[in-house]
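Listed here are the chains, written in short residue letters.
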Amino acid sequence: MAKKGKRYKALLEKVDLTKQYPLSEAVALAKECATAKFDESLELHIRLGVDPRHADQQVRSTIVLPFGTGHTKKVAVLALGDKQKEAQDAGADIVGGEDLVAEIQNGRLDFDAVIATPDIMKSAGRLGKVLGPRGLMPSAKTNTVTFDVADAIKEIKAGRVEFRVDKTAITHNAVGRASFPVENLMGNVKTLLRAVIKARPAAVKGTYIKGITITSTMGVGIQIDAVQAQKEAAAE
């Protein structure tokens, strides 16, 4: 059995792992538990009552967090012609066409988000095996396949995040940094929760949100009262 360090044991004295905390209390506690020597991210994990094996139960969309994530994403843009200059002027970190497609195929992955114009998708479609498993493949559903590259870049830089259900029916998203005020963290959490609720597939029956946990990068999982949290998020 792995030996638990003093810092982790101290966190367990603060958190009751069997309790479901009210949303505001859980967020404040997660912030308090971020005691590492760096500015930890706070992450929200939502367990859904969906079967990801079925196409009609996929949950995937994007949302702009009102207070950002505290992390400025490095954006790559795949485009042709004048759209490359538009992307550069809009603040894209990496811009290219067929040459960049080839570089990514050969292992270049020094970016956090990818935007592509529709006219290059015939070539960019080959990147599915490389970018898909990393959640980076451009898609019209997440507004990352678009001719409006300037707006897409602006949104991603401002804090737009993608949420998608994984094969275990859980979404995982950063909702800010431990240095954020509790009010900002709460704003981000509620915004994300509302978006996930809105993205509920029509094919899903029964309980949709089965569990919510918040944690810091090096912290412990804090369970949130999912029923109360949904009501609180919907009230705004």
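- As annotated in an unreviewed UniProt entry, the chain carries the name Large ribosomal subunit protein uL1 and is attributed to Cloacibacillus porcorum.
- The UniProt entry for the chain carries the following comment under Sequence similarities (unreviewed entry): "Belongs to the universal ribosomal protein uL1 family."
- Here is the UniProt Subunit (unreviewed entry) comment for the chain, exactly as written: "Part of the 50S ribosomal subunit."

### Some words on the sheet that holds strand 1 (residues 41-48)
Right, so step 1: In spatial order, the strands read 7-1-8-9; together these 4 strands make up an open sheet with antiparallel pairing. Of all the strands in the sheet, just strand 7 (170-177) and strand 9 (222-224) have a single pairing partner and so form its edges. Direction aside, the axes of adjacent strands within the sheet are offset by 25 degrees on average.
Right, so step 2: Alignment of strand 1 against strand 8 (residues 209-216), held across 7 bridges, turns out to be antiparallel. Residue pairing across strands places I46 opposite I212, the latter belonging to strand 8.
Right, so step 3: Lying over the sheet, helix 2 (residues 23-32) contacts strand 1, strand 8 and strand 9, oriented at roughly 165 degrees with respect to strand 9.
Right, so step 4: Against the sheet, helix 8 (residues 182-198) makes contact with strand 1, strand 7 and strand 8, and its axis sits at roughly 155 degrees relative to strand 7, the strand it touches most.

### With respect to the sheet that holds strand 5 (residues 113-116)
Right, so step 1: Pairing is parallel in the open sheet, where 3 strands are placed in the order 4-3-5. Across the chains shown, the open sheet's two edge strands, defined by having one partner strand only, are strand 4 (94-96) and strand 5. Across the sheet, the mean angle from the axis of one strand to that of its neighbour is 15 degrees, orientation sign disregarded.
Right, so step 2: As judged from the 3 bridges shared by strand 3 (residues 75-78) and strand 4, these two strands associate in the parallel manner. Across the sheet, residue L78 finds its bridge partner in strand 4, namely G96.

What counts and how
Residues numbered from 1 in each chain as written. Predicted model: local features only at pLDDT ≥ 70, side-chain atom pairs only at ≥ 80, totals over all residues. Heavy atoms only, no water. UniProt positions renumbered as here; feature names shortened; annotations may be inferred. Pairing = 2+ DSSP bridges. Helix = DSSP H or I, 4+ residues; strand = E, 2+ residues; numbered from the N terminus. Axes fitted to C-alpha atoms, helices over the stretch in contact; angles between N-to-C directions. Contact = heavy atoms within 4.5 Å.

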